[in-house]
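# Descriptive structure summary
Given next are the chains, with one letter for each unit.
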Amino acid sequence: MKILIAVDGSSYTKRMLAYLAAHDEWLGGGRHQYTVLNTVSPVPARAAAVIDRDTLKSYYAETSEAVFKPIRSFFKKQGIEAEFVGKVGHAPEIIAKMADGQDFDLLMMGSHGHGTLGNLVMGSVTTKVLASCKTPVLLVR
């Protein structure tokens, strides 16, 4: 199975990883191919215009790496190999586009469950991903 794991470093990411660890059917040495995705919101255009391109790239990379560091450690302890991908943009669009565009069999993500009244059960990012993604989604809350 080719599995995309969308992470943001929150406690909901930790819950999702705990769920993954508690269900050995998801682990199984080498049976699955994992890609861990973190999206970083872009710096506003006016600010980006006055920031050196290398500084901006470094900021995005460091922001994603701060999220990836504990996940890398978790995966190493579990004996799981994964590809780590940091992208810049609007999270729901990036997640759905990557899940569908790279033929993933499953998208795993944690749901914050905050936002407007209509998003009490699922977070707004989750709601938008579900609305625009054709890949099956496993939500952990």
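Everything below is about the structure printed above this text.
To keep things clear, this report deals only with the structure shown in the data block. These figures come from a predicted structure and were not determined experimentally.

Moving on, we get to the packing of aromatic side chains. Enumeration over the complete set of coordinates arrives at five aromatic pairs. Where Tyr-59 meets Tyr-60, the ring centres are 5.5 Å apart and the plane angle is 55°; that geometry is what we call tilted. Ring pairs connect the aromatic residues Tyr-34, Phe-68, Phe-74, Phe-75 and Phe-84, which therefore count as one cluster. The ring of Phe-104 has Lys-2 sitting right over it, with the charged end atom 4.9 Å from the ring centre. The ring of Phe-84 carries Arg-72 above its face, with NZ or CZ at 4.3 Å from the centroid.

The next thing to look at is the packing of helix α1 (residues 11-22) against helix α4 (residues 53-78). For the pair α1 and α4, interaxial distance at closest approach is 12 Å and the crossing angle is 5°. Relative to α4, α1 is oriented roughly parallel. Packed against α1, whose contacting residues are Thr-13, Leu-17, Leu-20 and Ala-21, the element α4 presents Ile-71, Phe-74, Phe-75 and Gln-78 at the interface. Tallied by class, residues from the contact of α1 with α4 come to six nonpolar, two polar and no charged.

What counts, and at which threshold
Residues numbered from 1 in each chain as written. Predicted model: local features only at pLDDT ≥ 70, side-chain atom pairs only at ≥ 80, totals over all residues. Heavy atoms only, no water. Phe/Tyr/Trp six-rings, centres within 6.5 Å; stacked < 30°, edge-to-face > 60°. Lys NZ or Arg CZ within 6 Å of the ring centre and 35° of its normal. Axes fitted to C-alpha atoms, helices over the stretch in contact; angles between N-to-C directions. Helix = DSSP H or I, 4+ residues; strand = E, 2+ residues; numbered from the N terminus. Parallel < 35°, antiparallel > 145°, perpendicular 65-115°, else oblique. Contact = heavy atoms within 4.5 Å. Nonpolar A, V, L, I, M, F, W, Y, C, P; charged D, E, K, R; others polar.

Purely spatial values, then, with no claim about function.
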